[in-house]
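Listed below are the residues making up each chain.
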Amino acid sequence: MTGRLILASGSQIRRQILQDAGIEFEIIKSDVDEGRLKQENAALSPSAMAVLLGQAKAVQVSSRHPDALVLGADQTMELGGALLDKLPRRDLARQRLSAMRGQPHQLHSGLVLAQAGQPVWQHLQSSTLWVRDFSDAFLDHYLARAGDELTASVGAYAFEGLGAQLFERVEGDFHAVLGLPLLPVMDALRQHGWLTS
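Residues numbered from 1 in each chain as written. Predicted model: local features only at pLDDT ≥ 70, side-chain atom pairs only at ≥ 80, totals over all residues. Heavy atoms only, no water.

Positioned with a positive phi, alanine 116 is a non-glycine residue whose angle comes to about 50°. Within the secondary structure, alanine 116 is located in the loop between strand 5 (104–115) and strand 6 (118–131). (Helix = DSSP H or I, 4+ residues; strand = E, 2+ residues; numbered from the N terminus.)

This is the structure we're talking about:
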């Protein structure tokens, strides 16, 4: 292990995944304007958008810290072919969750490592999640208990918590669902001499 590893994200769950794996890193959040990037690149697929956002974060922080290896990560959600954004207010969660009921959606995790302002590795991993056909009574119960989960993630759920009750089936890696596919990241860190191979 040489140099510094920086996570260019304020995501608590991404931080926890790396910490649980015993990876030493520091956090320096990027100030990438995600809304502007999405608007300027609206023709991109939701999966390509995840990689673009992860790269923008990694490259921006890496340009300011050229001595470090910087991990940028982002996750997009695709429902019926459309890219969805986080909800600005909790009261919109009922409509979002009702639209997802009984339907599959995809989560796309885009990861990029950058050094000296240049991307040196990227990875895209997608997962498909099937929301169960839950009752209106369950939806009321969930909305009353979910709290910040309703606006903290694009799907209005935290899969690692109460949100797990929304699903009947998942196709994909657990860490990828959470937004940071751990095994590919660790493999890339070994390739770049940051973890012992």
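What follows concerns helix 4 (residues 93–100). Of the residues making up helix 4, those classed as buried are Ala93, Arg96, Leu97 and Met100. Within helix 4, the buried residues cover an arc of 90° as seen down the axis, which keeps them to one side. Lining the buried residues of helix 4 we find strand 3 (68–79), strand 4 (82–84), strand 5, strand 6, helix 5 (136–146) and helix 6 (149–152). Where helix 4 ends, the next residue or the one after it, glycine 102, has phi of about 75°, a positive value. (Buried < 20%, exposed > 50% of the residue type's maximum accessible area, 1.4 Å probe, protein only. Arc of directions from axis to C-beta. Contact = heavy atoms within 4.5 Å.)

Here glycine 163 shows up in the loop between helix 6 and strand 7 (167–171). Distance in space between the C-alpha atoms of glycine 163 and alanine 176 is 16 Å, their sequence separation being 13 residues.

This part covers the nonpolar core. Ile23, Leu71, Leu97, Tyr142, Tyr157, Leu166 and Leu189 are the most contacted members of the largest nonpolar core, which totals 45 residues. Other than its neighbours up to four places away in sequence, leucine 71 contacts Ile6, Leu7, Ala8, Leu18, Ala58, Leu111, Val112, Leu113, Leu180 and Val185. One finds Ile6, Ile28, Ala58 and Val112 within the second-largest nonpolar core, a separate group that totals ten residues. (Core = buried A, V, L, I, M, F, W, Y, C linked by side-chain atoms within 4.5 Å.)

Attention now moves to the packing of aromatic side chains. Inspection of the entire model under this criterion finds five aromatic pairs. On the numbers, 5.5 Å between centres and 65° between planes, the contact of phenylalanine 159 with phenylalanine 167 is edge-to-face. A ring pair is formed by phenylalanine 159 and phenylalanine 174, whose centres lie 6.1 Å apart and whose planes are at 50°; its orientation type is tilted. Remark: phenylalanine 174 occurs in helix 7 (residues 174–178) and phenylalanine 159 occurs in the loop between helix 6 and strand 7; sequence separation between them is 15 residues. Under the relative-accessibility criterion, phenylalanine 174 is labelled partly exposed at 42%. (Phe/Tyr/Trp six-rings, centres within 6.5 Å; stacked < 30°, edge-to-face > 60°.)

Our next topic: the layout of surface pockets. Approximately 760 Å³ is the volume attributed to the largest pocket. Ser11, Arg14, Lys86, Ala152 and Ser153 are, among the 32 residues lining the largest pocket, the residues nearest its centre. Residue assignment for the lining of the largest pocket shows that the elements contributing at least two residues are helix 1 (12–20), helix 2 (34–40), strand 3, helix 6 and helix 7. By residue number, the principal contributor to the lining of the largest pocket is strand 3, which donates four residues. Partitioning the lining of the largest pocket into residue classes produces 13 nonpolar, nine polar and ten charged. (1 Å grid on protein atoms, 1.4 Å probe; cavity = no way out; pocket = protein on both sides within 12 Å on 5 of 7 lines; lining within 4 Å. Points joined across faces, edges and corners; volume = space filled by probe spheres on them. Nonpolar A, V, L, I, M, F, W, Y, C, P; charged D, E, K, R; others polar.)

Most of strand 3 is tucked away, with eleven of its twelve residues classed as buried. Where strand 1 (residues 4–7) and strand 3 come together, four bridges link them in parallel fashion. Within the sheet, the bridge partner assigned to isoleucine 6 lies in strand 3 and is valine 70. Pairing geometry for strand 3 and strand 5, over ten bridges, is antiparallel. In the sheet register, glutamate 78 faces strand 5, and the bridge partner there is glutamine 106. The pairing of strand 3 with strand 4 spans three bridges and is classified as antiparallel. When the sheet's bridge partners are listed, glutamate 78 is paired in strand 4 with leucine 83. Count of turn residues in the strand 3/strand 4 antiparallel hairpin: two residues, of which glycine 80 carries a positive phi of about 60°. (Pairing = 2+ DSSP bridges.)

What follows is about the packing of helix 4 against helix 5. Across the interface, helix 4 lies against helix 5 with an axial gap of 11 Å and an inter-helix angle of 135°. For the element pair helix 4 / helix 5, the angle class is oblique. Crossing geometry of helix 4 relative to helix 5 is assigned as right-handed. Side by side, helix 4 and helix 5 meet where Ala93, Arg94, Leu97 and Ser98 of the first sit next to Leu139, Asp140, Tyr142 and Leu143 of the second. (Axes fitted to C-alpha atoms, helices over the stretch in contact; angles between N-to-C directions. Parallel < 35°, antiparallel > 145°, perpendicular 65-115°, else oblique. Left-handed = near helix turned anticlockwise from the far one by under 90°.)

Note that every value here comes from positions in space, so none of it alone points to a role or purpose.
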